[in-house]
Amino acid sequence: MSSHNHSPDHGHDHDHGDVFHSHAPAGKMQTAFFLTVVILAAEVVGGLLSHSLALLADAGHVLTDIAAIGLSWFALKQAEKPSNQKMTYGYHRAGILAAFINGMTLILITIWILWEAYGRFNHPEHVTPTWMFISAGIGLLMNLYLGLGMRNEENINVKSAVLHMLGDAAASAGVIVGGLIIMVTKWYVIDPILSVLIALLIASGAWRIVTQTVGILMEGTPKGIDLPKVIQEIKAVTGVHDVHDVHVWGITSGKNAMSCHIVLDGSMSIRDSQKILRDLEHRMVHMNIGHVTVQTEDAKHPHDNSELCATVETEHHH
C-alpha cells in the first residue's frame, strides 16, 4: 500500500517544498541572460585593450555566467513540464544537472586563471587602468542589479546563477580597486594577484554547488533532514510496531521524498490503517518531506532487521 500526501487537507497548508512551481523566475533569467552577454562583450574588449588578466579572468567568469543563466533558464522551463510516462517525477532534475555542469565549468575556469596568473607573476605585463575602470564598472553595475534582484530565490539552480552574479560584482569591484592601485603605484603585479583572488572566489562557490548537486544526484539524505529523527517520528505513530527500508532523498532542491515499510497489526482493517498513514504523512510534512510512499506489512512479512535499506534480498518463492 502506498500513500502520497495529495489530500486537500494537507496539500496546501503544509507543502513547504514545492519551490520549483512557486518561484521559478524564467522571465528574470531571460533578462539576465541578455544583460550578461553585454557584460561579457564589455569585459573581453576591455581586457584585450588594457592587457588586464584580472579583467579577462572576470570575463571568463562572466562566460560561465552566460552558460549558468542559459542552463538555469532552460532548466526552469523544463521543470514546468508535467510528469509523464517516461519521466514520472517530471523534469525537476534538469535544474540540478544544470547547476552541476555550471559548478564543474567554474572549477575548470579557475584552473585556467591560476595558470595564466602564474605566468604573469614571472613576467608582469603593462596594464592600462582606464579600460579596466570602464569595463569593470559596467560589469559591477549590471551584476549587482541582476544578483540583488534574485537573491531571495530558494531554488538551487537560481541560487547558483545568483552566486555567479554576486561573485562577478565583487570581482569587478576588485578590478576597479586594482586599476586605481596600478594608476597610482604602477605596480603591475596587482593584476595577477587580483586574478588569483577572483579564481579563489569562483572556486569556493563552485565547490559548494558541486557537492550539493552530487548529493541530490546520488540520492543522498537531503541537507536539513535528520534521518534518526525521521525514523523516531515514524515509530512514534500510534499503531506502528516497527519500520525498515527507510529512504529519504531529494527529487530536486527543497522537494523531498521518503519511502519506508511499516509493520502493523495483521488483523487491522484498511480503514484503520488509513488513520496511521494520515498521521505519518502529517508528521513528515512538518519535517519538510512532502512526498511519502509507505508499504504496510504484518509482523510475519520477511525483512532485514535494518531500519535502512535491506542488506539481504528475500527470495521470492513461486
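Residues numbered from 1 in each chain as written. Predicted model: local features only at pLDDT ≥ 70, side-chain atom pairs only at ≥ 80, totals over all residues. Heavy atoms only, no water.

## Section: the overall build of the protein chain
Part 1: When you go through the protein chain residue by residue, the secondary structure sums to ten helices and three strands.
Part 2: Its helices and strands taken in sequence order, the protein chain reads α-α-α-α-α-α-α-α-α-β-β-α-β from the N to the C terminus.
Part 3: Classification of the 318 residues of the protein chain by burial places 46% in the buried group.
Part 4: Summed over its atoms, the accessible surface of the protein chain is roughly 16300 Å², and 63% of this surface lies on carbon and sulfur atoms. (Helix = DSSP H or I, 4+ residues; strand = E, 2+ residues; numbered from the N terminus. Buried < 20%, exposed > 50% of the residue type's maximum accessible area, 1.4 Å probe, protein only. Areas by Shrake-Rupley, 256 points an atom, 1.4 Å probe, with all protein chains shown as cover.)

## Overview of the sheet that holds strand S3 (residues 291–297)
Part 1: An order of S1-S2-S3 is seen for the three strands of this open sheet, with the pairing classed as mixed. Where the open sheet ends on each side, the last strands, each with one partner, are strand S1 (242–252) and S3. With strand direction ignored, the average angle separating the axes of adjacent strands in the sheet is 10 degrees.
Part 2: Examined bridge by bridge, S1 and strand S2 (residues 255–263) share eight bridges and lie antiparallel to one another. (Pairing = 2+ DSSP bridges. Axes fitted to C-alpha atoms, helices over the stretch in contact; angles between N-to-C directions.)

## Details of the packing of helix H3 (residues 26–50) against helix H4 (residues 53–79)
Part 1: In contact at an axis separation of 8 Å, H3 and H4 are set at 165 degrees when each is read in the N-to-C sense. One element, H3, and the other, H4, form an angle in the roughly antiparallel class. Relative to H4, H3 is oriented so that their crossing is left-handed.
Part 2: A class-by-class count of the residues in the contact of H3 with H4 yields 19 nonpolar, seven polar and four charged. (Parallel < 35°, antiparallel > 145°, perpendicular 65-115°, else oblique. Left-handed = near helix turned anticlockwise from the far one by under 90°. Nonpolar A, V, L, I, M, F, W, Y, C, P; charged D, E, K, R; others polar.)

## Considerations on a nonpolar patch on the surface
Part 1: Taken together, the side chains of Phe121, Val177, Ile181, Trp187, Ile193, Leu197 and Leu200 define a hydrophobic patch exposed on the protein surface, amounting to about 640 Å² of accessible area.
Part 2: The set of elements that each furnish at least two residues to the nonpolar patch consists of helix H7 (156–185) and helix H8 (190–217).
Part 3: The leading source of residues in the nonpolar patch is H8, at three residues.
Part 4: Inspection of the secondary structure puts Phe121 in helix H5 (residues 93–122). (Patch = residues over 30% accessible without salt bridge, like charges linked within 9 Å, V, L, I, M, F, W, Y side chains within 5 Å. Salt bridge = Lys/Arg side-chain N within 4 Å of Asp/Glu carboxyl O.)

## Comments concerning the confidence of the model for the protein chain
Atomic detail in the predicted coordinates should be set aside for any region of low pLDDT.
Part 1: Looking at the protein chain as a whole, the pLDDT averages 81, with 88% of positions reaching at least 70.
Part 2: Contacts of residues 5–24 to residues separated by more than four positions or lying in other chains number 36 contacts, the stretch itself having pLDDT below 50. (pLDDT = per-residue confidence, 0-100. Contact = heavy atoms within 4.5 Å.)

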